[in-house]
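Descriptive structure summary
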Amino acid sequence: MKMGRRGTKPTPTNVLKLRGSWRGEINKNEPQPEAVPPPMPIGLDGMAKDCWEQLVPMLADMKVLTVADGIALYLLAETYATWRRADDMIKKHGDVYPIKTDDGKVKYLQQSPYVSIARNSGKALKDLLCEFGLTPSARSRVQTTDDKQSKQQDERMKYLGG
């Protein structure tokens, strides 16, 4: 049986560079997908489509979106839609419902299945938002630099690197 990798996930090189970390120069062979937004998947509709349309320009402006991020962004949009549907059902029907005896008396209150759907999709949504730097704590670890400053830093690294 093969075990998975242990420890924290490696930080992508582009994020390390945005942070200003010297470690951003370590993996010279990391794949560099084209920095253009991925096309919207066919079949994305409703709240998932609205989420996609809201996030793509935002992520492109943040310079964290590439053509290779399409599936992850699709998953984020669909997870957001699932969370919203479950949340809407909880708001409409409540988070519990009565279980009654044969004679109509309330025996106990049962938690709605939408509560666990909302909780699970909410956690998955938070994890996906972090992957794209869309939470305050994830964003606090990224520092953006303007192009002139970035070019100067790249030249200094080339000089220091030999």
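Residues numbered from 1 in each chain as written. Predicted model: local features only at pLDDT ≥ 70, side-chain atom pairs only at ≥ 80, totals over all residues. Heavy atoms only, no water.

1. As for the side chain of S112
Following the sequence through the fold, S112 ends up in the loop between β2 (106-111) and α4 (113-131). Residue classification places S112 among the buried residues on the basis of a relative accessible area of 7%. Apart from the residues within four sequence positions on either side, S112 is in contact with G94, D95, V96 and Y97. (Helix = DSSP H or I, 4+ residues; strand = E, 2+ residues; numbered from the N terminus. Buried < 20%, exposed > 50% of the residue type's maximum accessible area, 1.4 Å probe, protein only. Contact = heavy atoms within 4.5 Å.)

2. Comments concerning the pairing of strand β1 (residues 96-100)
Both β1 and β2 contribute to a ladder of 5 bridges, which runs antiparallel. Across the sheet, the residue bridging to K100 is V106, located in β2. The turn linking β1 back onto β2 is made up of 5 residues, and G104 within it adopts a positive phi angle of 90°. (Pairing = 2+ DSSP bridges.)

3. Overview of the packing of aromatic side chains
Under the defined criterion, the tally for this structure stands at 1 aromatic pair. Here the aromatic rings of Y80 and W83 are separated by 6.1 Å at their centres, their planes lie at 45°, and the arrangement is tilted. With Y80 and W83 both in helix α3 (residues 70-93) and 3 residues apart, this pair spans about one turn of that helix. According to the relative accessible area criterion, Y80 is partly exposed, its value standing at 22%. (Phe/Tyr/Trp six-rings, centres within 6.5 Å; stacked < 30°, edge-to-face > 60°.)

4. Let's talk about unusual backbone geometry
Phi at K63 takes a positive value of approximately 65°, unusual for a residue other than glycine. Along the polypeptide, K63 turns up in the loop between α2 (46-61) and α3. For K63, a relative accessible area of 56% puts it in the exposed group.

5. A closer look at the environment of P37
Within the secondary structure, P37 sits in the loop between α1 (13-19) and α2. In this structure the C-alpha to C-alpha distance between P37 and A68, which are 31 residues apart in sequence, comes to 8.6 Å. Discounting chain neighbours no more than four positions away, the residues touching P37 are V56, A60 and L65.

6. Regarding the confidence of the model for the chain
On average, the chain scores 83 in pLDDT, and the residues at 70 or more come to 71%. Looking over the chain, one finds the lowest element-wise mean pLDDT in helix α6 (residues 147-161), namely 54, and the highest in α3, namely 97. (pLDDT = per-residue confidence, 0-100.)

7. Examining the nonpolar core
In terms of nonpolar packing, the biggest core is built from 17 residues, with L55, L59, L65, L73, L76 and F132 touching the most fellow members. Every element with two or more residues in this core is listed here: α2, α3 and α4. Looking at this core, the element that brings in the most residues is α2, giving 6 residues. Ignoring anything within four residues of it in the chain, the contact list for L59 reads V64, L65, L73, F132 and L134. (Core = buried A, V, L, I, M, F, W, Y, C linked by side-chain atoms within 4.5 Å.)

8. Quick look at the pattern of salt bridges
Summed over all chains, the structure comprises 3 salt bridges. Here D87 ties to K91 by a salt bridge, and the two come within 3.0 Å at their closest N and O atoms. Here K91 and D87 lie together in helix α3, a separation of 4 residues that amounts to about one turn. With a relative accessible area of 64%, K91 lands in the exposed category. For the salt bridge of D127 with K123, the shortest nitrogen-to-oxygen distance reads 3.2 Å. (Salt bridge = Lys/Arg side-chain N within 4 Å of Asp/Glu carboxyl O.)

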